Amino acid sequence: MDLRHLRYFVAVAEERHFGRAAERLHMAQPPLSQQIRQLEAELGVELLHRTTRRVDLTEAGRAYLERARAILAEVDEAAQHARRVAAGSVGHLAIGCVGSATYSLLPALSRRLTEELPGVDFSFRGEMLAPDQVEALRTGAIDVALLRPPAADLSLTVHTLRRDRLVVAVPVGHRLAGRRRLRVADLAGADLIVHSADRRSVMYDVVLGLLRDAGVEPHIRHEVGETSTLVTLVAGGLGVAVVPEPVTALTLDGVAYLPLAGAGARVELAVAHRADRAEPHLARTVGIIRSAF
């Protein structure tokens, strides 16, 4: 017995006529009758009452028709699902976002992904530092990361999306708040709020590198793990912070954002995933993210 026998039987049972069933199946009537006989012989039961004018189902035939329809429906759905998987239209993906991307990019990006791939179940984790994202990619806790390079891991595929300008978040009453733009040298003597060195933040290295190159001795007042906390402390007047420009989407009373001058005052944003991952829905997701930039 194979699926062909089930399709033959369903056609005959629904048409109640061998001739019409044969036309529906695009085959001659005698081979169809022979296939149904073989099916009955294999099952050891009579499925059909045959007359010269019509065909009726036996009790066994009615029961068999119900199950045969269900089996064929499952087979058809399995085939359709396989095609959707191959096309990258279904699946589950967890996306981890660096803090600065959480507020400015994630809302629009999540809408675009769910609109273009409605069959993919997306989940999002915000406010992740790059080292945590790399580890989460390794373990499979997330599938895709929007992070700040470098991501020094040969097991990852990393595509640079853009280079964001750096700005300085200052309390509105701060001595620097009245400036139109700032130079790194202007941060000399200012209390700094930075991302945590203990958690190997990329932005910590970027900020201290800028200060070092400008000959400015850093005066770090607070180290935090999340960008939202960093900006909140700025609003509280506890210091200033150098952040990527997308953080300006996080508007809080008491905070002003000033451009930071200098060719080196930029930081990259990239999308990363494990190099050994080749699922179609992951490839389509990364493609959509790259096209968005």
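Residues numbered from 1 in each chain as written. Predicted model: local features only at pLDDT ≥ 70, side-chain atom pairs only at ≥ 80, totals over all residues. Heavy atoms only, no water.

Caption draft 1: Up close: the packing of helix H1 (residues 3–15) against helix H4 (residues 59–86). Direction vectors running N to C along H1 and H4 enclose 125 degrees, while the axes themselves pass 9 Å from each other. Regarding the angle of H1 to H4, the classification is oblique. The way H1 lies across H4 gives a crossing that is left-handed. Where H1 approaches H4, its residues Leu 3, Leu 6, Arg 7, Phe 9, Val 10, Ala 13 and Glu 14 are matched on the opposing element by Gly 61, Tyr 64, Leu 65, Ala 68, Arg 69, Ile 71, Leu 72, Val 75 and Asp 76. Here the contact of H1 with H4 is built from residues that sort into eleven nonpolar, one polar and four charged. (Axes fitted to C-alpha atoms, helices over the stretch in contact; angles between N-to-C directions. Helix = DSSP H or I, 4+ residues; strand = E, 2+ residues; numbered from the N terminus. Parallel < 35°, antiparallel > 145°, perpendicular 65-115°, else oblique. Left-handed = near helix turned anticlockwise from the far one by under 90°. Contact = heavy atoms within 4.5 Å. Nonpolar A, V, L, I, M, F, W, Y, C, P; charged D, E, K, R; others polar.)

Caption draft 2: Highlighting the pairing of strand S5 (residues 144–147). Burial of S5 is two-sided: the residues Val 144 and Leu 146 facing one way and the residues Ala 145 and Leu 147 facing the other way are all buried. The pairing of strand S3 (residues 91–97) with S5 spans three bridges and is classified as parallel. From the neighbouring strand, Cys 97 faces S5, where its bridge partner is Leu 146. (Buried < 20%, exposed > 50% of the residue type's maximum accessible area, 1.4 Å probe, protein only. Pairing = 2+ DSSP bridges.)

Caption draft 3: Region of the structure containing the nonpolar core. If you look at the biggest cluster of nonpolar residues, it comprises 24 residues, and the most contacted ones within it are Leu 166, Val 168 and Leu 260. At five residues, helix H8 (residues 202–213) tops the list of elements feeding residues into this core. Val 168 has contacts with Leu 182, Leu 187, Val 240, Ala 241, Val 242, Ala 256, Tyr 257, Leu 258 and Leu 260, leaving out every residue within four places of it along the chain. (Core = buried A, V, L, I, M, F, W, Y, C linked by side-chain atoms within 4.5 Å.)

Caption draft 4: Broad picture of the side chain of Thr 102. The residue Thr 102 is located in helix H5 (residues 99–104) in this model. Owing to a relative accessible area of 15%, Thr 102 belongs among the buried residues under this scheme. A distance of 3.0 Å separates a polar side-chain atom of Thr 102 from the backbone nitrogen of Glu 127. Those residues in contact with Thr 102 that lie beyond four places of it in its chain are Cys 97, Pro 107, Gly 126 and Glu 127. (Polar contact = N/O pair within 3.5 Å; in protein donor to acceptor, adjacent residues only side chain to side chain.)

By themselves, these are just geometric observations and shouldn't be taken as functional.
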